[in-house]
Amino acid sequence: MTSTVWKCEQYRAGQRTNRVVFDSEQQASAFVAQMRQMEPDLIWRMEPVEARMEWN
């Protein structure tokens, strides 16, 4: 595992409704692209974060 993970968050009406974490940017990008095709009206935000910020 790397020290950086990619966090993807789904927003609906300004509130976060879902969060998924991936090991690589490629995995996160593919996931977000697929979700945008399925539900184009929802907003997905993707950002890199340090792994230690996500798990204890």
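All values reported here derive from a predicted model rather than from experimental measurement. (Residues numbered from 1 in each chain as written. Predicted model: local features only at pLDDT ≥ 70, side-chain atom pairs only at ≥ 80, totals over all residues. Heavy atoms only, no water.)

Asks: Help me out: how do you make sense of the sheet that holds strand β2 (residues 15–22) in this one?
Replies: In a beta sheet, neighbouring strands pair by backbone hydrogen bonds and run either parallel or antiparallel. Sheet architecture is open: 3 strands sit in the order β2-β1-β3, paired in antiparallel fashion. Strands at the two margins of the open sheet, each flanked by one partner only, are β2 and β3 (43–50). Here the strands of the sheet are splayed against their neighbours by 25° on average, with no regard to which way each runs. In this sheet, β3 lies alongside strand β1 (residues 4–12) in antiparallel orientation, the contact comprising 8 bridges. Pairing of Tyr-11 across the sheet is with Ile-43, part of β3. Where helix α1 (residues 25–38) meets the sheet, it contacts β1, β2 and β3, and its direction lies at approximately 170° from that of β3. (Pairing = 2+ DSSP bridges. Helix = DSSP H or I, 4+ residues; strand = E, 2+ residues; numbered from the N terminus. Axes fitted to C-alpha atoms, helices over the stretch in contact; angles between N-to-C directions. Contact = heavy atoms within 4.5 Å.)

Asks: Help me understand the packing of aromatic side chains in this model?
Replies: Following the criterion strictly, the structure yields 2 aromatic pairs and no others. Consider the rings of Phe-22 and Phe-31, whose centres lie 5.1 Å apart with planes at 45°: the pair is tilted. Relative to Trp-44, the ring of Phe-31 has its centre 5.2 Å away and its plane inclined at 90°; by these criteria the two rings are edge-to-face. Of this pair, Phe-31 sits in helix α1 while Trp-44 sits in strand β3, and the two are 13 residues apart along the sequence. We note that Phe-31, like Trp-44, is buried. One aromatic cluster in this structure is built from Phe-22, Phe-31 and Trp-44. (Phe/Tyr/Trp six-rings, centres within 6.5 Å; stacked < 30°, edge-to-face > 60°. Buried < 20%, exposed > 50% of the residue type's maximum accessible area, 1.4 Å probe, protein only.)

Asks: What should I look at first to understand the nonpolar core in this one?
Replies: One broad rule of soluble globular proteins: the nonpolar side chains tend to lie buried together. Within the largest apolar cluster, 8 residues are counted, these being Trp-6, Cys-8, Phe-22, Ala-28, Phe-31, Val-32, Met-35 and Trp-44. Contributions of two or more residues to this core are made by β1 and α1. It is α1 that provides the largest number of residues to this core, a total of 4 residues. Once residues lying within four places of it in the same chain are set aside, the contact partners of Cys-8 are Asn-18, Arg-19, Val-20, Phe-22, Ala-28, Val-32, Trp-44, Arg-45 and Met-46. (Core = buried A, V, L, I, M, F, W, Y, C linked by side-chain atoms within 4.5 Å.)

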